[in-house]
Amino acid sequence: MPTKVFSIANQKGGVGKTTTAINLSVGLARRKVPTLLIDLDPQANATSGLGFEKVPGGSLYDPLHGEGVAMDKIQSTREKYLSVIPSEVDLAAIEMELGQKEDYLVQLKQVLQPVIDSGKFSAIILDCPPALGMISMNSLALADYLLVALQCEYLALEGLGQILSVVEQLKEAEVNPNLAVGGILMTMYDSRTKLSKEVVDEVRNYRPDLIFKTIIPRTVRLSEAPSFGKSIFEHARLNPGAFAYGKFAKEVIERFKLEKAS
Ligand code: ADP
Ligand code: MG
C-alpha cells in the first residue's frame with residue numbers, strides 16, 4: 001500500500017507532540033490503518049507512553065550507524081494495526097554524529113527507505129524531539145507532511161510562523177521538495193478561558209486552509225495516560241480526549257486518503 005510519512009516536529013517542547021503521536025497512531029490503528037510510530041526523541045516519551053521499555057539497541061541508533069537495519073527494529077504492540085520503533089537515550093548522541101556526515105540531512109531517509117518501500121504501512125508517524133536539530137531536520141527531509149501541534153497559548157502564532165518558514169527553507173533548498181504542511185492541530189484547549197478561544201480564532205484566520213477541524217481539549221486523563229503506558233483509548237475511552245483524538249484520526253484518514261487494511 002502507498003505509505004504517507006508524517007513528521008510531528010516543532011521547536012517547542014510541551015506542546016502536545018508526543019501525546020498526539022501516540023493517540024493519533026492508536027486512533028489510526030483502531031480504524032484499521034496499518035501504522036508505524038517511530039520515536040525519534042532521546043527522551044523516549046512515546047516509547048514509555050505506549051508501555052515499552054527503553055532497551056539499548058532497540059532504537060534507530062544502530063541503523064543510523066550502519067549497523068543493522070530499521071526493519072529489524074520494528075516491534076508489534078497490543079494494537080493489531082500498530083507497530084513501533086522505540087527510542088532510547090543513545091539516540092541523543094545522533095544529534096552530534098549526524099552533523100559530521102556529508103549528507104547529514106538524508107541519513108534518516110536512507111535508513112527508513114526500505115521500511116517505506118515495504119508497503120506494510122499506510123502511515124508512518126515520526127515523533128520528534130522538542131528542537132529543530134539534526135533529528136527533526138532529518139525527519140522533515142523525508143516526510144510527506146509536517147503535522148504541527150500548537151498549544152492554545154499566548155504567542156502560538158509566533159511559534160507557528162517559525163516552523164512554517166523552516167518548511168519553506170527545506171523546500172527551496174530542494175532538501176525535500178515534496179514536503180507539505182499537512183495541518184495544524186490545536187491542543188490543550190481550555191474551554192473555561194477566553195485565551196484558548198482567541199488563539200484558535202487567530203490561527204483559523206491566519207491559516208484557514210491548514211487548521212484541523214478537531215480541537216484537542218485539555219484533560220487530566222490525557223496527561224496521566226502515559227504513566228500507565230497506555231493510549232487515551234485504553235486509559236479512558238469515554239473521556240473527551242479519547243473522543244477528540246478518535247475524531248482527529250478520522251480527519252487525518254480523510255484529509256490524506258489513508259488506505260485501510262482489507
Ligand atoms: P511534547 O511532546 O510537545 O513535548 P507532550 O505531548 O509530551 O508534548 O505534552 C506535554 C505535557 O502536557 C505532558 O505532560 C502531557 O501529558 C501534557 N498534555 C499534552 N496534551 C494534553 C492535553 N490535551 N491535556 C492535558 N495535558 C496534556
Ligand atoms: Mg515529546
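Here the residue index of a chain counts from 1 through its sequence in written order. Here chains are named by letter from A upward and ligands by number from 1 upward, in the order in which they appear as written. Per-residue local features of the predicted model are confined to residues with pLDDT of at least 70, and side-chain atom pairs are confined, for both listing and counting, to 80 or more; whole-chain, interface and lining totals are unaffected and use all residues. Hydrogens are left out, water is left out, and the side-chain values use all remaining heavy atoms of the structure.

As recorded by an unreviewed UniProt entry, the protein carries the name Chromosome partitioning protein ParA and is attributed to Cerasicoccus arenae.

Engineer: How should the overall build of the protein be read in this particular structure?
Structural biologist: By definition, any uninterrupted DSSP run of H or I lasting at least four residues is a helix, any uninterrupted run of E lasting at least two residues is a strand, and each is numbered from the N terminus. Each helix and strand counted, the protein has 11 helices and 8 strands in total. As defined in this context, the radius of gyration uses C-alpha atoms, and a globule is described by 2.2 Å times the residue total to the power 0.38. For a compact globule of 262 residues, the expected C-alpha radius of gyration is about 18 Å, and the protein comes in at 17 Å, within 12% of that figure. Accessible area for the protein stands at about 11,800 Å²; split by element, carbon and sulfur atoms hold 51% of it. Treating the 29 positive side-chain charges of the protein as one cloud and the 31 negative ones as another, the clouds have centres 11 Å apart. Here, Shrake-Rupley sampling with a 1.4 Å probe gives the accessible areas, and only protein chains in the shown set may cover a residue. For the charge count, each Lys or Arg is scored as positive and each Asp or Glu as negative, with His and the chain ends excluded. The atom standing in for a charge is NZ when the residue is Lys, CZ when it is Arg, CG when it is Asp and CD when it is Glu.

Engineer: Teacher, can you tell me more about the nonpolar core here?
Structural biologist: Soluble globular proteins tend to pack their nonpolar side chains together in the buried interior. Definition of nonpolar core: a set of buried residues of the types Ala, Val, Leu, Ile, Met, Phe, Trp, Tyr and Cys, connected through side-chain atoms within 4.5 Å. Relative accessibility under 20% of the residue-type maximum defines a buried residue, over 50% an exposed one, and the middle range a partly exposed one, all with a 1.4 Å probe and only protein chains included. Ranked by size, the top nonpolar core spans 48 residues in total, and within it Ile38, Leu60, Leu112, Ile124 and Met186 carry the most contacts. For this core, the element with the highest residue contribution is helix 7 (residues 156–172), accounting for 7 residues. When sequence neighbours within four positions are dropped, the list of residues in contact with Leu112 reads Ile38, Leu60, Ala70, Leu126 and Leu142. In terms of nonpolar packing, the next biggest core, distinct from the first, is built from 36 residues, Phe6, Ala21, Val33 and Phe212 among them. It only takes one pair of heavy atoms within 4.5 Å for two residues to be counted as in contact.

Engineer: Just checking my understanding: could you explain the confidence of the model for the protein for this structure?
Structural biologist: Caution is warranted with low-pLDDT regions, since their predicted coordinates should not be read in detail. Each residue carries a pLDDT score, the predictor's confidence in it, ranging from 0 to 100. In this model, the protein carries a mean pLDDT of 96, and residues with pLDDT of at least 70 account for 100%. For this predicted complex, the interface confidence comes out at an ipTM of 0.99, alongside a pTM of 0.98.

Engineer: Could you clarify how one ought to interpret the pattern of salt bridges in this entry?
Structural biologist: Charged atoms that come close allow side chains of opposite charge to pair. Salt bridge, as applied in this entry: a Lys or Arg side-chain nitrogen positioned within 4 Å of an Asp or Glu carboxyl oxygen. All chains considered together, the criterion is met by 9 salt bridges. One salt bridge connects Glu79 with Arg30, and the closest N-O pair in it is separated by 2.9 Å. Taken together, the residues span a long stretch of sequence, with Glu79 in the loop between strand 3 (75–76) and strand 4 (82–85) and Arg30 in helix 1 (residues 17–30) at a distance of 49 residues. A relative accessible area of 43% places Arg30 in the partly exposed class. Sharing partners across several salt bridges, the network here consists of Lys197, Asp201 and Arg204.

Engineer: Explain the layout of surface pockets here, please?
Structural biologist: One simple way to see leftover space: roll a probe sized like a water molecule over the atoms. Of the grid points, spaced at 1 Å and generated over the protein atoms alone, those admitting a 1.4 Å probe that cannot get out make up cavities, while open sets with protein on both sides within 12 Å along at least five of seven lines make up pockets; any residue with an atom within 4 Å of a point is treated as lining. Grid points are joined across faces, edges and corners, and a volume is the space filled by probe spheres set on the points. In this structure, the largest pocket occupies an estimated 450 Å³ of space. In terms of lining, the largest pocket is formed by 25 residues, of which the most central are Gly14, Val15, Gly16, Thr19 and Met188. Broken down by element, the residue count for the lining of the largest pocket peaks at 4 residues, all from helix 1. Residue polarity is assigned by list, with Asp, Glu, Lys and Arg as charged and Ala, Val, Leu, Ile, Met, Phe, Trp, Tyr, Cys and Pro as nonpolar; anything else, Gly included, falls into the polar class. By residue class, the composition of the lining of the largest pocket is 12 nonpolar, 10 polar and 3 charged. Of the voids in this model, the second largest pocket is the one considered here, and its volume is about 160 Å³. Lining the second largest pocket are 13 residues, and of these Lys109, Leu142, Ala143, Asp144 and Asn178 lie nearest its centre. Where the lining of the second largest pocket is concerned, the elements lending two or more residues are helix 5 (107–117) and helix 6 (134–142). For the lining of the second largest pocket, the element with the highest residue contribution is helix 5, accounting for 3 residues. Across the lining of the second largest pocket, the residue classes tally to 7 nonpolar, 4 polar and 2 charged.

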